[in-house]
Protein chains: 2
Amino acid sequence: MSEQPKNRTTVDIYGQQYVIVGTEPTSHIRLVASMVDEKMREINSMNPSLDTTKLAVLTSVNTVHEYLKLKDQVEQLEKELKRIKD
Amino acid sequence: MSEQPKNRTTVDIYGQQYVIVGTEPTSHIRLVASMVDEKMREINSMNPSLDTTKLAVLTSVNTVHEYLKLKDQVEQLEKELKRIKD
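- In the annotation of an unreviewed UniProt entry, chain A is listed under the name Cell division protein ZapA and assigned to Bacillus coahuilensis p1.1.43.
- According to the UniProt record, the Subcellular location (unreviewed entry) comment for chain A reads "Cytoplasm".
- As stated in UniProt under Subunit (unreviewed entry), the record for chain A gives "Homodimer. Interacts with FtsZ."

Structural data, given as structure tokens:
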């Protein structure tokens, strides 16, 4: 098993640079970073008094919430597929 | 259309308290908060020199990445269902 090559991608999120290391393509890393940046700006516009740490934590809270909703959807789709196939 | 009642839930994430307001049940909010807290501690254990803001931003990056993977999975399942039904 050969190891996948790792990319180092520098991204800008909320005015701060981050070097992200991973096997994902640079285009994917950039997309993820832009989504985080956008969500932080969106939450900031609704709560301008939050500091950056709180803003980033609430961005995570928001994303984990969306993640769990999507996970429910995956489970429903898998159930439906199983029902059709059985 | 009646408005859904909003819950105010106080959660602790990485040693800081947050009041989350939303229509989701308190149990769901607590689950989301515990997942964010856990992920922040996991990333911190791998990168102990990061400050809390960077930690929180990288937690968001990580979560958005997982979200996009799940979204791909939903699209694949929907395609498969459509193919079977057509």
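**Some thoughts on the relation of the copies chain A and chain B**
Inference 1: Overlaying chain A on chain B yields an RMSD of 0.1 Å, the required transformation being a rotation through 180° with an accompanying axial translation of 0.0 Å. When the rotation and shift are considered jointly, the pair of chain copies conforms to a two-fold rotation axis.
Inference 2: When the interface residues of chain A are mapped onto chain B, 100% of them are again interface residues, pointing to one common binding face.

**Things to note about helix 2 (residues 52–85) of chain B**
Inference 1: With 34 residues, helix 2 of chain B should reach 50 Å at 1.5 Å per residue; the first-to-last C-alpha distance of 49 Å fits that figure.
Inference 2: Of the residues that open helix 2 of chain B, the one with a side-chain oxygen 3.2 Å from the backbone nitrogen of T53(B) is D51(B).

**Points about the environment of I13(B)**
Inference 1: Looking at where I13(B) falls in the secondary structure, it is placed in strand 1 (residues 7–13).
Inference 2: Spatially, the C-alpha atom of I13(B) lies 7.1 Å from that of V36(B), the residues being 23 residues apart in sequence.
Inference 3: Excluding its chain neighbours within four sequence positions, the residues that come into contact with I13(B) are V57(A), V61(A), Y18(B), A33(B), V36(B), D37(B) and M40(B).

**Notes on the interface of chain A and chain B**
Inference 1: Counting residues at the interface gives 36 residues for chain A, matched by 36 residues for chain B.
Inference 2: Overall, the association of chain A and chain B removes approximately 3600 Å² of surface from exposure, summing both partners, and the carbon and sulfur fraction of that is 81%.
Inference 3: Three residues, Y18(A), Y67(A) and L70(A), lead the burial of chain A against chain B; their summed loss comes to 15% of the area buried on that side.
Inference 4: Across the contact surface, chain A and chain B share two salt bridges.
Inference 5: Residue E80(B) is joined to K85(A) by a salt bridge in which the shortest nitrogen-to-oxygen separation is 2.7 Å.

The rules behind each value
- Residues numbered from 1 in each chain as written.
- Chains lettered and ligands numbered in written order.
- Predicted model: local features only at pLDDT ≥ 70, side-chain atom pairs only at ≥ 80, totals over all residues.
- Heavy atoms only, no water.
- UniProt positions renumbered as here; feature names shortened; annotations may be inferred.
- Least-squares fit on C-alpha atoms with pLDDT ≥ 70 in both.
- Contact = heavy atoms within 4.5 Å.
- Helix = DSSP H or I, 4+ residues; strand = E, 2+ residues; numbered from the N terminus.
- Expected span 1.5 Å × (residues − 1).
- Polar contact = N/O pair within 3.5 Å; in protein donor to acceptor, adjacent residues only side chain to side chain.
- Buried area = accessible area lost by both parts, 1.4 Å probe.
- Salt bridge = Lys/Arg side-chain N within 4 Å of Asp/Glu carboxyl O.

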